[in-house]
Amino acid sequence: MTGNLDRAIGAAVAETLENLAFMEALPAEEGAQGETLTVGVLIHDPFPAELRLTLPLPLLGKIGEAVYALPAEELEEQILRDLLAEILNTVAGRFLTAYLPPEQSFRLGLPELGDEGVLPDAGERCWFYRMDDEQFTLRVRGEALLRP
Amino acid sequence: MKRIVIADDSMTARMFIRRCLQIIGFSEAAMVEAEHGREALTRLKEAPTDLLITDLNMPVMDGEVLLKWVKANPRLNSLPVLVITSAGNPAKEAELMALGALGVINKPVSPAVLNQKLEPLRGGGIG
């Protein structure tokens, strides 16, 4: 079960960033550092869980350049926030599609910016990735997902 | 003039869909955007529309409710509705197709997949 979780998370992150921004995300030893932006999304069904994605602002700007074909300095903060939310929204959907049986539907909340999670602290795992010399972090909370 | 309504609460997603539509040859179509299902219905009432592309997970009115409203409306129920969503899987796709969706695409959309789903409409004069 843990292996399935790791594979599904890794595939969702890699495929989303590859297809959205043509950028490669590789596993890393450390997570996001410096000035960052965090977005979270709740999984409502089939079980309560939460995904949170934290990106350093310079990396978010580079992704924005790739997605919008504009220099980072021309991308307003609102656009970058929306971009981060859409990245997590897509990662969450791809993750659940890979992780759950095909006959199992799921329901996500709307992405929300903010550093604090909604679910209780008990049970959290982090995945670290590196892309374009910057690190970022994906956090998952929820006993139903993290229970071994 | 050909007209496409794109409903998604993410401006990034709307931009991406617009770009894919332009790449596959729909650049002549007027692309009208909406941030949620209720706004999409308002846009649909403003002028004849050839295609509705909608996300599922939106505030105010989600895409599934929007699809039901469109298919229940005598003036709109022949409108092709394509769902582009992060919340799609085989189970959800079957539900949406039963409600009358033209097709379901998982995000992030690619021009090739979008082209494949819209190919049946090209003979109808919207592309």
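What counts and what doesn't
- Residues numbered from 1 in each chain as written.
- Chains lettered and ligands numbered in written order.
- Predicted model: local features only at pLDDT ≥ 70, side-chain atom pairs only at ≥ 80, totals over all residues.
- Heavy atoms only, no water.
- Contact = heavy atoms within 4.5 Å.
- Buried area = accessible area lost by both parts, 1.4 Å probe.
- Salt bridge = Lys/Arg side-chain N within 4 Å of Asp/Glu carboxyl O.
- Polar contact = N/O pair within 3.5 Å; in protein donor to acceptor, adjacent residues only side chain to side chain.
- Helix = DSSP H or I, 4+ residues; strand = E, 2+ residues; numbered from the N terminus.
- Nonpolar A, V, L, I, M, F, W, Y, C, P; charged D, E, K, R; others polar.
- pLDDT = per-residue confidence, 0-100.
- Pairing = 2+ DSSP bridges.
- Axes fitted to C-alpha atoms, helices over the stretch in contact; angles between N-to-C directions.
- Phe/Tyr/Trp six-rings, centres within 6.5 Å; stacked < 30°, edge-to-face > 60°.
- Buried < 20%, exposed > 50% of the residue type's maximum accessible area, 1.4 Å probe, protein only.

J.: Go over the interface of chain A and chain B with me, naming the residues and quoting the values.
T.: The interface of chain A with chain B comprises 25 residues on the first partner and 20 residues on the second. Overall, the association of chain A and chain B removes approximately 1,900 Å² of surface from exposure, summing both partners, and the carbon and sulfur fraction of that is 56%. Ranking the residues of chain A by area buried against chain B places Asp82, Glu86 and Leu110 of chain A at the top, with a combined share of 25%. Linking chain A to chain B there are 1 salt bridge. In this structure, Glu86 of chain A and Lys107 of chain B form a salt bridge, with 2.8 Å as the shortest nitrogen-oxygen distance. Run the count over chain A and chain B and you get 14 residue pairs in polar contact (both at pLDDT 80 or more). Mapped onto the side of chain A that touches chain B, the elements with two or more residues apiece are helix 1 (2-21), helix 2 (57-68) and helix 3 (77-99) of chain A. Within the side of chain A that touches chain B, the residues separate by chemical class into 11 nonpolar, 10 polar and 4 charged.

J.: Account for the confidence of the model for chain A, with residues named and values stated.
T.: For chain A, the mean per-residue pLDDT works out to 92, and 97% of the residues sit at or above 70. The lowest-confidence element of chain A is helix 4 (residues 143-146) of chain A, averaging 86 in pLDDT; the highest-confidence one is strand 3 (residues 49-56) of chain A, averaging 97.

J.: Which residues make up the sheet that holds strand 1 (residues 3-7) of chain B, and what values go with them?
T.: Residue and element names in this part refer to chain B. An order of 2-1-3-4-5 is seen for the 5 strands of this open sheet, with the pairing classed as parallel. The open sheet has two edge strands, strand 2 (30-34) and strand 5 (103-106), and neither has a second partner. Adjacent strand axes in the sheet meet at a mean angle of 20 degrees when their direction is disregarded. The pairing of strand 3 (residues 51-54) with strand 4 (residues 81-85) spans 3 bridges and is parallel. Counted as the bridge partner of Ile53 is Leu82 from strand 4.

J.: Could you give an account of the side chain of His36 of chain B, naming the residues involved and the relevant values?
T.: Residues and elements named next belong to chain B. Following the sequence through the fold, His36 ends up in the loop between strand 2 and helix 2 (37-46). A polar contact is formed between the side chain of His36 and the backbone nitrogen of Glu39, at a distance of 3.1 Å. Contacts of His36, omitting those with residues within four sequence positions, involve Met58, Pro59, Val60 and Met61.

J.: Give a description of the packing of aromatic side chains that names residues and reports values.
T.: Residue and element names in this part refer to chain A. Across all of its chains, the model carries 2 aromatic pairs over all chains by this definition. Seen in terms of ring centroids, Tyr129 and Phe136 are 5.4 Å apart; in terms of plane orientation they differ by 25 degrees. Their pairing is stacked. According to the relative accessible area criterion, Tyr129 is buried, its value standing at 6%. Judged by its relative accessible area of 1%, Phe136 falls in the buried class.

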